[in-house]
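The chain contents come next:
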Amino acid sequence: MADTLDTATRDAADQLQARVQRLLGHSLHIRHVDAGSCNACEAEIKMLLNPYYDIQRLGIFFTVTPRHADMLLVTGCMTRAMVDPLRQTYEAMPDPRLVVAVGACACSGGIFGQSAYTLGGIGNILPVDVYIPGCPPTPLTLIHGLLLALGRAEQRMHRDTRQVKSSRVLPMLAPGA
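Residues numbered from 1 in each chain as written. Predicted model: local features only at pLDDT ≥ 70, side-chain atom pairs only at ≥ 80, totals over all residues. Heavy atoms only, no water.

### Thoughts on the environment of alanine 116
Along the polypeptide, alanine 116 turns up in the loop between α4 (103–108) and β5 (130–132). Placed 36 residues apart in sequence, alanine 116 and arginine 80 show a C-alpha to C-alpha distance of 8.4 Å. (Helix = DSSP H or I, 4+ residues; strand = E, 2+ residues; numbered from the N terminus.)

### Remarks on the nonpolar core
Grouped together as the largest cluster of nonpolar side chains are 29 residues, with contacts concentrated most on Leu16, Ile60, Met71, Val100 and Val102. Per-element accounting of this core gives the leading share, eight residues, to helix α5 (residues 139–157). Apart from the residues lying within four places of it in its own chain, the contact partners of leucine 16 are Leu58, Ile60, Ile143, Leu146, Leu147 and Leu150. In terms of nonpolar packing, the next biggest core, distinct from the first, is built from 18 residues, Val83, Leu86, Ile122 and Leu126 among them. (Core = buried A, V, L, I, M, F, W, Y, C linked by side-chain atoms within 4.5 Å. Buried < 20%, exposed > 50% of the residue type's maximum accessible area, 1.4 Å probe, protein only. Contact = heavy atoms within 4.5 Å.)

### Description of the pattern of salt bridges
A complete count under the given rule lists two salt bridges for this structure. Notably, a salt bridge pairs arginine 97 with aspartate 95, separated by 3.7 Å at the nearest N-O pair. For aspartate 95, a relative accessible area of 65% gives the class exposed. Between arginine 152 and aspartate 129 there is a salt bridge; the shortest N-O distance is 3.9 Å. You can see arginine 152 sitting in helix α5 and its partner aspartate 129 sitting in the loop between α4 and β5, a full 23 residues away along the chain. Take arginine 152: its relative accessible area is 18%, and that puts it in the buried class. (Salt bridge = Lys/Arg side-chain N within 4 Å of Asp/Glu carboxyl O.)

### Overview of the sheet that holds β5
By way of backbone hydrogen bonds, the strands of a sheet pair with one another, either parallel or antiparallel. In spatial order, the strands read β2-β1-β3-β4-β5; together these five strands make up an open sheet with parallel pairing. Looking along the sheet, the strands with just one partner apiece sit at the ends: β2 (60–62) and β5. For this sheet, the mean angle separating the axes of adjacent strands, direction not counted, is 25 degrees. (Pairing = 2+ DSSP bridges. Axes fitted to C-alpha atoms, helices over the stretch in contact; angles between N-to-C directions.)

### Focus on the pairing of strand β1 (residues 28–34)
As judged from the three bridges shared by β1 and β2, these two strands associate in the parallel manner. Note on β2: the bridge partner recorded for isoleucine 30 is phenylalanine 62. Regarding the hand of the β-α-β motif, the stretch spanning β1, helix α2 (residues 40–47) and β2 is right-handed. Pairing analysis gives five bridges linking β1 to strand β3 (residues 71–75), with the strands arranged parallel. Residue pairing across strands places histidine 32 opposite leucine 73, the latter belonging to β3. (Right-handed = clockwise from strand over helix to strand, strands pointing away.)

### A look at the packing of helix α1 (residues 7–24) against α5
Running from N to C, α1 and α5 cross one another at 25 degrees; their axes reach a closest spacing of 10 Å. When the axis of α1 is compared with that of α5, the two are roughly parallel. Crossing of α1 against α5: the hand is left-handed. Here Ala8, Thr9, Ala12, Gln15, Leu16, Arg19, Val20, Arg22 and Leu23 of α1 come into contact with α5, specifically with Leu140, Ile143, Leu146, Leu147, Leu150, Gly151, Ala153, Glu154 and Met157. In terms of residue class, the contact of α1 with α5 is built from twelve nonpolar, three polar and three charged. (Parallel < 35°, antiparallel > 145°, perpendicular 65-115°, else oblique. Left-handed = near helix turned anticlockwise from the far one by under 90°. Nonpolar A, V, L, I, M, F, W, Y, C, P; charged D, E, K, R; others polar.)

This is the structure:
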């Protein structure tokens, strides 16, 4: 199966597996919460589990309980009905808590923005470590975002966190790009 992977995907997967083992010493467990999405991001996340990307071979698993999760992966714009459940999920997670906003809606509210029913992006409710833009982001972009989140965790462990602001637009990672 490894022969069918392109070089960029294989390199990203190898980096991710090495970083997970070095940083956590065990598998990375992710709790996914849909805060109000159209399910396009969920379809791309589900593709990470197919035989082509197969992130489980890298030691990355999705868990149903936040008590076992190292990372909170949030999709969709922040609906008012999901504020309390999302905060409860975050508070139930053990430290260090990583929060990743996936998709344009989770990053900024997307086309919904702030309204009577939505509060915009996830950053208005929780401290977000990594924003993965896209509508929806590709599986390779998601893997890259997971690498960035693990880098944030590594910085926290070494007390070397920095806020970086850039006006430069970052290119999307896509196979063949």
